[in-house]
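Listed below, chain by chain, are the residues.
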Amino acid sequence: MAIHKLQIVDFLSIDYELIAIHTSIEDYRLAYFLNKELEIKLSKNNLNVAIETPEGKSAFNHYFYDDEKKDIQWNLIENKTTINTTNKKSAGIFENMEVNVYLLPEYKKADFFLKIENVDSFFKIKEVTKKIELINQVSMSYVLDKDNLKSKNNLIF
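So, here's what we can say about the structure. (Residues numbered from 1 in each chain as written. Predicted model: local features only at pLDDT ≥ 70, side-chain atom pairs only at ≥ 80, totals over all residues. Heavy atoms only, no water.)

### A word on unusual backbone geometry
Line of reasoning, step 1. Phi at Asp71 is positive, roughly 55 degrees, even though this residue is not glycine.
Line of reasoning, step 2. Of note, Asp71 is situated in the loop between β5 (62–67) and β6 (72–78).
Line of reasoning, step 3. One non-glycine residue with positive phi stands out, namely Asn118, at about 65 degrees.
Line of reasoning, step 4. Tracing the backbone through its elements, the reader meets Asn118 in the loop between β9 (112–117) and α2 (125–133).
Line of reasoning, step 5. On the basis of relative accessibility, which here comes to 33%, the residue Asn118 falls in the partly exposed class. (Helix = DSSP H or I, 4+ residues; strand = E, 2+ residues; numbered from the N terminus. Buried < 20%, exposed > 50% of the residue type's maximum accessible area, 1.4 Å probe, protein only.)

Here it is as structure tokens:
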């Protein structure tokens, strides 16, 4: 009888695409335009994406759509949020400060990320970015190389 060993690597797969979006519009408006252009149904998720940083706990707005026909999950996440911190070393006017926290600090200029999960080799990511760029309020969108992300653990939610 043959023995078949399963390695933990067998279960690890990077089956998602990540698109950076540069825009100055609010998250709910971007979700609306993405729904219209990509023919999806993003809706606000009550649970924000939370991460722990040296500055403190932060939460990022999150929109989600589960396309059950194609078995694809769409996630729209903001990249930047502001948290209040208390600086105990200095008193007075600088005691409470607002600090910007980024989901992916290596892409500080990106305003949002569109994470598309359960994609296969036939998924046409370039067509998605072209459709996103058709939105007048979007200045730029591009596919990120997820293998070279330093803070890819922030995308686990």
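Past the structure itself, the notes keep going.
### A closer look at the side chain of Glu78
Line of reasoning, step 1. By the element assignment, Glu78 lies in strand β6.
Line of reasoning, step 2. Lys44 is the oppositely charged side chain nearest to the buried, salt-bridge-free Glu78, at an N-O distance of 6.8 Å.
Line of reasoning, step 3. Leaving out residues up to four positions away in the same chain, Glu78 has contacts with Ala59, Phe60, Asn61, Leu103, Asp111 and Phe112. (Lys, Arg positive; Asp, Glu negative; His and termini not counted. Salt bridge = Lys/Arg side-chain N within 4 Å of Asp/Glu carboxyl O. Contact = heavy atoms within 4.5 Å.)

### Thoughts on the pairing of β6
Line of reasoning, step 1. β6 sits mainly inside the fold: 7 of its 7 residues count as buried.
Line of reasoning, step 2. Side chains Ile72, Trp74, Leu76 and Glu78 project from β6 onto one buried face, and the interleaved Gln73, Asn75 and Ile77 project onto a second face that is buried too.
Line of reasoning, step 3. As defined by bridge partners, β5 adjoins β6 across 6 bridges and the pair is classed as antiparallel. Bridge assignment links His62 to a residue of β6, and that residue is Ile77.
Line of reasoning, step 4. Linking two consecutive strands that pair antiparallel, namely β5 and β6, is a turn of 4 residues; a positive phi of about 55 degrees is found at Asp71 within it.
Line of reasoning, step 5. In this sheet, β9 lies alongside β6 in antiparallel orientation, the contact comprising 6 bridges. By the bridge assignment for β9, Leu76 is matched with Leu114. (Pairing = 2+ DSSP bridges.)

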